[in-house]
Amino acid sequence: MNSFGIDNVITEKATVELSDISNGMKVTFSGDIDVQNPEPIFVPFFEQIHNKVLENNIKYVELDFSKLTFLNSSGIKTLIKWITKVTPLPVEKKYRFKIVANSEITWQETSLKMLSMLAPGLIEIQIK
Amino acid sequence: MELFKNVENGFIEMIFGPRWTYIATVRTFLQNFLSITLADNKWADVISMAASELLENAVKYASDEGTKISVEHKKDENKLFLHVENFSSKENIKILLSEVEQINSGEPQEVYLMKMQEAALRTDGGSQLGLARIRYESDAFIKVDVDNDLVKVTVVFDLK
């Protein structure tokens, strides 16, 4: 369990886990996110994290996709909704993301790079 | 039944009911099959992703039974044609034609970024990102053919 007390998301084909790291929080994605409508599953989860990050004045969130084999465009939309919650915040409230991608999984390099263009300066990409 | 002796151009065709549960199975099959056929994991990944996105649209917007996916590899041109056919309503066909026109009209990265910004504001279940994502990730050409309520979306991948 993480210090926020937020339950992980476990679906038939995917797991999304929140954990504490020394400089912030880490969200680890694994499996396939390919359900027809992922919004009811992931949007409330990401909103809980966002609210707790703000409450606790945390400035760094790592999103590790290296074990996620597939993410459909509806799943990408849930991440867009999270990231675009941070962009309009005043500077003192903003927090940074680091996206960890796997170079062996083709869509990660391309699709995840595009997320950084939604919030220039707020998202760092590490491809390993 | 006819078995072709000319296997110069590889061809796969699958027909099934528009059911969400088939999509992952087809995607995984195509990824495995194309990684052997094309001897290129990156293209296999991109084409199977595109097939998955097109099938998701086909299932979401189908007005009747019957979804067909076919993959044709034209070796002499070094191009791969991915076709997905399904039945849809006039309203949804009109939206699809407009989407494809918009996606083909601009630079792939700019169009994808614009669609992502629009997706952030959408409150319905859809993302309207799939076609822009395909074009951005593959630089493929997308076209639509319509015959009454039958829609055929074709994505042409230049494998050169």
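Residues numbered from 1 in each chain as written. Chains lettered and ligands numbered in written order. Predicted model: local features only at pLDDT ≥ 70, side-chain atom pairs only at ≥ 80, totals over all residues. Heavy atoms only, no water.

> Hey, could you run me through the interface of chain B and chain A in this one?
Interface size is often expressed as the accessible area that is lost when the parts come together. Listed by partner, the interface residues are 29 residues for chain B and 29 residues for chain A. Buried area between chain B and chain A, both sides added, is near 2400 Å², and the carbon and sulfur share of it is 54%. Joining chain B to chain A, the criterion identifies two salt bridges. For B:Arg27, the salt bridge is made with A:Asp34, and the minimal N-O distance between the two is 2.9 Å. (Contact = heavy atoms within 4.5 Å. Buried area = accessible area lost by both parts, 1.4 Å probe. Salt bridge = Lys/Arg side-chain N within 4 Å of Asp/Glu carboxyl O.)

> I tried to follow the pattern of salt bridges on my own but got confused; where do I start?
A full pass over the atoms with the stated rule returns 17 salt bridges over all chains. We note a salt bridge from B:Glu85 to B:Lys68, for which the minimum N-O separation is 3.7 Å. With B:Glu85 in strand S3 (residues 79-87) and B:Lys68 in strand S2 (residues 67-74), this pair connects stretches of sequence that are 17 residues apart. Of the residues examined, B:Glu85 reaches a relative accessible area of 14% and is grouped as buried. Relative accessible area serves as the criterion here: at 24%, B:Lys68 is assigned to the partly exposed category. A network of salt bridges, in which partner residues are shared, links A:Lys13, A:Asp32, A:Asp34 and B:Arg27. (Helix = DSSP H or I, 4+ residues; strand = E, 2+ residues; numbered from the N terminus. Buried < 20%, exposed > 50% of the residue type's maximum accessible area, 1.4 Å probe, protein only.)

> I tried to follow the environment of A:Lys113 on my own but got confused; where do I start?
Residues and elements named next belong to chain A. The topology assignment puts Lys113 in helix H3 (residues 106-118). The sequence separation of Lys113 and Val86 amounts to 27 residues, and the corresponding C-alpha distance is 17 Å. For Lys113, the contacting residues outside a window of four places in its chain are Gln108, Ile125 and Ile127.

> Can you walk me through the packing of helix H4 (residues 108-121) of chain B against helix H5 (residues 130-138) of chain B in this structure?
For any two helices packed against each other, the geometry comes down to the angle between their axes and how far apart the axes lie. All names here are of chain B. Running from amino to carboxyl end, H4 crosses H5 at an angle of 150°, the nearest separation of the two axes being 9 Å. Here H4 is positioned roughly antiparallel relative to H5, judged by the angle of their axes. As H4 runs across H5, the sense of the crossing is left-handed. Note on element contacts: H5 touches H4 through Ala132, Arg133, Arg135 and Tyr136, opposite Pro108, Gln109, Val111, Tyr112 and Lys115. Considering only residue class, the contact of H4 with H5 consists of five nonpolar, one polar and three charged. (Axes fitted to C-alpha atoms, helices over the stretch in contact; angles between N-to-C directions. Parallel < 35°, antiparallel > 145°, perpendicular 65-115°, else oblique. Left-handed = near helix turned anticlockwise from the far one by under 90°. Nonpolar A, V, L, I, M, F, W, Y, C, P; charged D, E, K, R; others polar.)

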